[in-house]
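# Close look at the chain arrangement
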Amino acid sequence: MDKETKEVAKVENRKPVKTQFEGEKTVSGKYYIPRTDIIETGKSLIVTMDVPGVKKENVNVMLENNILEVDAKIDFSPYKSLNPVYTEYNVGHYTRKFSVSNAIDTEKIDANLADGVLTLTLPKAPEAQPRKIQIS
Amino acid sequence: MLSFRTLETLLGLQEALDLARNAGFFETSTASSGVNPPVNIFEKNGDLVLVAELPGVKKKELNIEVKENILRLSGTRTIDYGKDVSYHRIERNSSKFDRTLRLPFNIESGKVLAEYKDGLLVVSLPHAESDKPKKIAIQ
């Protein structure tokens, strides 16, 4: 664990508000499961995730074998010069995986990060989109 | 008859149970319990720095007030996906929050700096000069 992570985490955390990721990671530091909404519109699936403190360049979205994996890292450097006196939440990276059906047009997945909210737009493949059938 | 000691023990037990329940230890959901929004407070060169995670909150919907040693943090987080959508999973929620914190010393309210970036609110709270201990020279 990084020195910084330890410093933020060492004070008793009375009310855990984030769910820690229990799997193994190759990077040191705590990992949390970001809170996520998944909604569906006629054209696409939209995945919205809360990843406060994450910068655009530290988000990694991967799609492999129909598994969509999001890995978002936070920057611990602002905490270096700070000494925790009262803490209510822990700070860590974010990770989450979803399996995606092949009804998704994987080529056209779009990601956007604003105000600590990551939005992934997964367009449906044309054959999976709703069609209105005209009666002739 | 209950002695004062017994009552105190019972009240202590009650308090411990409440604490355990509020800690979310028995919960498996990702939903939060307890204060909203949770804050971390740090010390830096004798001043305080408050950090809160407020993803998706608009700057104009955030309100910070400081008076003497009281800090009030209020705002609204609105999540609206519009009509004609179906929901598969909802873990994030719209919320209205209003928290008041008592700090250990008075704050120089004119010098408070608040920054909101990447969903993080960082408020620097400088120790008021008038509230700092004075060194007294011995005559």
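Here goes a summary of the coordinates provided. Small disclaimer: the values here were computed from a predicted structure and weren't measured.

### With respect to the sheet that holds strand S5 (residues 86-89) of chain B
- Spatially, S9(A)-S10(A)-S4(A)-S3(A)-S5(B) is the arrangement adopted by the five strands of the open sheet, whose pairing is antiparallel. In this open sheet, the two strands that pair with only one neighbour each are strand S9 (110-114) of chain A together with S5 of chain B. Averaged over all neighbouring strand pairs, the angle between strand axes comes to 20°, with direction disregarded.
- Bridge count for strand S3 (residues 36-40) of chain A against S5(B) is three bridges, and the pairing is antiparallel. Considered in S5(B), the bridge of Ile39(A) is made with Tyr87(B).

### A word on the interface of chain B and chain A
- Taken residue by residue, the interface counts 34 residues in chain B and 32 residues in chain A.
- Of all the secondary-structure elements, those providing two or more residues to the side of chain B that touches chain A are strand S1 (39-44), strand S2 (47-53) and S5 of chain B.
- Of the residues forming the side of chain B that touches chain A, the biggest block, six residues, is contributed by S1(B).
- Tallied by class, residues from the side of chain B that touches chain A come to 15 nonpolar, 11 polar and eight charged.
- Across four bridges, strand S7 (residues 83-87) of chain A lies against S1(B) in antiparallel orientation. Residue pairing across strands places Asn83(A) opposite Glu43(B), the latter belonging to S1(B).

### As for the environment of Val51(A)
Residues and elements named next belong to chain A.
- Looking at the element boundaries, valine 51 is found in the loop between strand S4 (44-50) and strand S5 (54-64).
- Accessibility expressed as a C-beta count within 10 Å gives 27 for valine 51, which makes it buried.
- Between the C-alpha atoms of valine 51 and aspartate 115, which are 64 residues apart in sequence, the distance is 8.8 Å.

### Focus on the sheet that holds strand S8 (residues 120-125) of chain B
- Strands sit in the order S7(A)-S1(B)-S2(B)-S8(B)-S7(B) across an open sheet of five strands; the sheet is antiparallel. In the strand order of this sheet, the two ends are held by S7 of chain A together with strand S7 (113-117) of chain B, each with one partner. Direction aside, neighbouring strands of the sheet carry axes that sit 20° apart on average.
- Bridging between S1(B) and S2(B) involves six bridges; their strand directions are antiparallel. What sits directly across from Asn40(B), in S2(B), is Val51(B).

### A few points about the pairing of strand S6 (residues 67-74) of chain A
Residue and element names in this part refer to chain A.
- Pairing analysis gives seven bridges linking S5 to S6, with the strands arranged antiparallel. When the sheet's bridge partners are listed, leucine 63 is paired in S6 with leucine 68.
- Between S5 and S6, which pair antiparallel and follow one another directly, the connecting turn spans two residues, one of which, asparagine 65, has a positive phi of 50°.
- Examined bridge by bridge, S6 and strand S8 (residues 93-99) share six bridges and lie antiparallel to one another. Paired with leucine 68 across the bridge in S8 is phenylalanine 98.

Conventions used here
- Residues numbered from 1 in each chain as written.
- Chains lettered and ligands numbered in written order.
- Predicted model: local features only at pLDDT ≥ 70, side-chain atom pairs only at ≥ 80, totals over all residues.
- Pairing = 2+ DSSP bridges.
- Helix = DSSP H or I, 4+ residues; strand = E, 2+ residues; numbered from the N terminus.
- Axes fitted to C-alpha atoms, helices over the stretch in contact; angles between N-to-C directions.
- Contact = placed C-beta atoms within 7 Å.
- Nonpolar A, V, L, I, M, F, W, Y, C, P; charged D, E, K, R; others polar.
- Buried ≥ 20, exposed ≤ 12 C-beta atoms within 10 Å, placed from the backbone.

These figures come from the coordinates and say nothing about function on their own.
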